[in-house]
Amino acid sequence: MKLRRALFPAATTVLSVNTGLVAANLFVGRANPLQATLAHLAVFVLGAAASAGLMIWLFREGRDGGRTFDPVVASLPAAPLAAIWLLVYLRDDVNAALADSFNLRILVGASLLILPAAGLALWELRQKRHLVVSIGGCCKRRVSESLLALAAASGIWDLVVKATLGEPPGGWIWLGVVPVWLAIVLGIVGIPPTRHAHAWLRRLGLIVLTAPIGFAIATHFENPMRHLIVTSGGAKILTLLLLSLTAYLAWLLIALSSGHRAERLSLTVARHRSAAILISLMGIGLLQASSYVAVTMDDLARYWTAADFLHNGIGYPVWSGAEGTAQAGPGEPWVDPPAFSLMILGGFAAAGHYFHSAHFPIFVANLFLPAAIYLAARALAISRSVAFIASSLTVLFPPLQIHTLGASEPDAVFVFELALAVLFLARACRMDACLGDKLALGIIAGLMALTRPEGLIYAGAFTLAVPVMRRRLGDWLPVSIAAGAAASFALFVAVATDAFWPARSSGLSLGNIGLNLDSLLGIAWPYYARVLLIDDFRAVLLVAVFAIALVLGVGRLAATNRAMLIVPAALAINLLAALSLNPLALRSFEPTEYFRHLSYGLPLLALLSAVGADWVVRRFKGRWEVAKTALWTAALALIFGELYLLATPEEFYHGNTAGSLLRGGDVYVQALDLVRYPIELPCDVCDPVLGGGFRGFRQRLFDHYGAYDMHSNTVGISYQAISAVFVFLGAAAVAAPRRLLNRRANVSLGNPREVTSAS
């Protein structure tokens, strides 16, 4: 005890001198001790006196508690502080960096508050009591955590300024730290712990809260991170999102560590978990709909021309087939299904006769597609976690996202309609199905039949499944709606083209199946294995796992919900019909077009596989919980792997032999650029676009948007990084501990019975 009393003045002196020297060097500048100015001396005295006063106060507190303050703990911050001021004196580059940037000096000074805060925290552990200060005579706050909050506020505020103003100005702008610090103290670290608090959760929350200060200091030096935050709009948005997520996560951890708040927090999460999942899926859809929009017009021109014909009341255009036309043979008349043209007409009415207006239905379909797949999975009694994984894996699958959903075709609309059709089919097959479910199924089925030619098979199969399985008179409503829509257009097709449906045989033959399968194995498989960076055993392994889950899912449906077996049946029929097409019409020699024509049923395959995966996951109980966690981790790793590929879709990211997901001859732009730099579409009625003016406008279109092409551009990284944030939020929502939420939510509601809904 006497030794500690003797060492205390020495430890306090070392700490005070170090604090004073660091403060003087940071806020006044480097100067030799004999050449110090009055400003150096004033800052040194203030820093040393504040440090010494704090140590003496702690010594008295320890003595009053029956223990003497440990000088080792008192001098804990002294060694790191000495390293800081010695580094400033010995390294000219460090001194120059601090001298040239007032903002950096503020950040370094604030970060040094972490050291005395750590010393105070250790002292509290030894004394079994907390050092607190009173605010207004009523609110008591820990001194150590208030110091950490000040350091955290400095880092957060610096990043906010950079993300909003670019290059941060000095001086007065730092006044904004004060309200940020007060908000953190009052709203986050001010949550008082209880007797049974989980201390490790609170400490983890404090670590998360102070993490931004390291990134703030790093962005004061020339590096890619600084360049992105200062110049890239996507990086700015990502920075603000990550800061919000950091504050929320710190609050969540600290609140969970406080027993009396955990019930209220658990109840809030339990009530809003589904909304949080859907919001995260909508965020993913928004970001994916806004990135990698293909600027093409060969097929899109037909649809907007049909919309112009309908708008001007001059009928519906009839096209003539040519070599390589998928819908008809050379010289044969054919028409496009009208649903997509009617949707484009709505886009024209809302935003004018522009190229981005024609893309409006595609954007809306992409926006809501993740949520539609998730809701369809939930309608099939799949748990939240598996449904979220299935939706994210499907939508973020790079070939589907870039080659199908991003195409200037009705493909995204058709895929969205398929997901909705499965949703309402599952609901209409229930014993308690309402009239609205059947009505919605009929409308969606009718739209499918009028969006793409192959939609007729899905529409007929899905609507007939309901009355066949349930055998009630009211169950024929979906059939009548879909059949009425299809029959009306079929009558027009028969009169206009002497056929019975928009798509003719186009060389349909069973003999083409072998040729197309050869192209699948010899051309498409090597290409996609290469661009997806899995051209080894991993490709076979992933396909095998997917196939096993698919078989289990179909078997599970056969045992529990036979009506839904119509989904794999309709999928198989359409796949067989597609493979029976002439290879020239199917474009089997071109991997991206080949994939696009075969990819429409991928969401259905994902849903069927999710049924099997969910059945397997539900078997993992007790000791097998570790296996469930491993599967969950592997699924998230696959999702983030997909995001990585979408962020780096070109060959130069991965070497000269990987291949590129972005086709070399196409132009890809952000949806934002389509709107910011509009180009008006020619009207076929006034100036025929498919006549002599077609090639001229086609070239003008490519020249117009070529300046904003995303080839060799890193802007896609920002979209995928922000998508990763939404994936993380959705995963956190679905992974919330079910038993904790159920128990505490029901206790808060006064309900002794636990909820048993799937997690």
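Model, not experiment: these values are computed from the prediction.

Draft legend 1. Quick look at helix 10 (residues 199-210). If you check helix 10, its first and last C-alpha atoms are 17 Å apart, about what 12 residues at 1.5 Å a residue would give, namely 16 Å. For helix 10, the full list of buried residues reads Leu-201, Arg-202, Gly-205, Leu-206, Val-208, Leu-209 and Thr-210.

Draft legend 2. Broad picture of the packing of helix 8 (residues 143-165) against helix 9 (residues 177-187). One way to put it is that helix 8 packs onto helix 9 with a least axis distance of 8 Å and a crossing angle of 130 degrees. The angle between the axes of helix 8 and helix 9 places the two elements in the oblique class. Two packed elements cross with a definite hand, and for helix 8 against helix 9 that hand is right-handed. On the side of helix 8, the interface is formed by Ser-146, Ala-149, Leu-150, Ala-152, Ala-153, Ser-154, Ile-156 and Trp-157, while helix 9 contributes Val-177, Val-180, Trp-181, Ile-184 and Val-185. Its residues assigned to classes, the contact of helix 8 with helix 9 comprises 11 nonpolar, 2 polar and no charged.

Draft legend 3. Local environment of helix 21 (residues 411-428). The end-to-end C-alpha separation of helix 21 is 25 Å, in line with the 26 Å expected for 18 residues at 1.5 Å each. Within helix 21, 17 of the 18 residues are buried, leaving the element largely enclosed by the surrounding structure.

Draft legend 4. Seen up close, the pattern of salt bridges. Overall, the coordinates contain 17 salt bridges when judged by the stated rule. One salt bridge connects Arg-452 with Asp-411, and the closest N-O pair in it is separated by 3.2 Å. Taken together, the residues span a long stretch of sequence, with Arg-452 in the loop between helix 22 (435-449) and helix 23 (455-470) and Asp-411 in helix 21 at a distance of 41 residues. Here Arg-452 falls in the buried class, since its relative accessible area comes to 12%. Notably, a salt bridge pairs Arg-587 with Glu-590, separated by 3.6 Å at the nearest N-O pair. Using a relative accessible area of 25% as the deciding quantity, one classes Glu-590 as partly exposed. A cluster of three or more residues bridged by salt bridges with shared partners is formed by Glu-409, Asp-411, Arg-452, Glu-454, Arg-587, Glu-590, Glu-593, Arg-596, Arg-663 and Asp-666.

Rules behind the numbers
Residues numbered from 1 in each chain as written. Predicted model: local features only at pLDDT ≥ 70, side-chain atom pairs only at ≥ 80, totals over all residues. Heavy atoms only, no water. Helix = DSSP H or I, 4+ residues; strand = E, 2+ residues; numbered from the N terminus. Expected span 1.5 Å × (residues − 1). Buried < 20%, exposed > 50% of the residue type's maximum accessible area, 1.4 Å probe, protein only. Axes fitted to C-alpha atoms, helices over the stretch in contact; angles between N-to-C directions. Parallel < 35°, antiparallel > 145°, perpendicular 65-115°, else oblique. Left-handed = near helix turned anticlockwise from the far one by under 90°. Contact = heavy atoms within 4.5 Å. Nonpolar A, V, L, I, M, F, W, Y, C, P; charged D, E, K, R; others polar. Salt bridge = Lys/Arg side-chain N within 4 Å of Asp/Glu carboxyl O.

Note that all results are geometric; they support no functional claim without further evidence.
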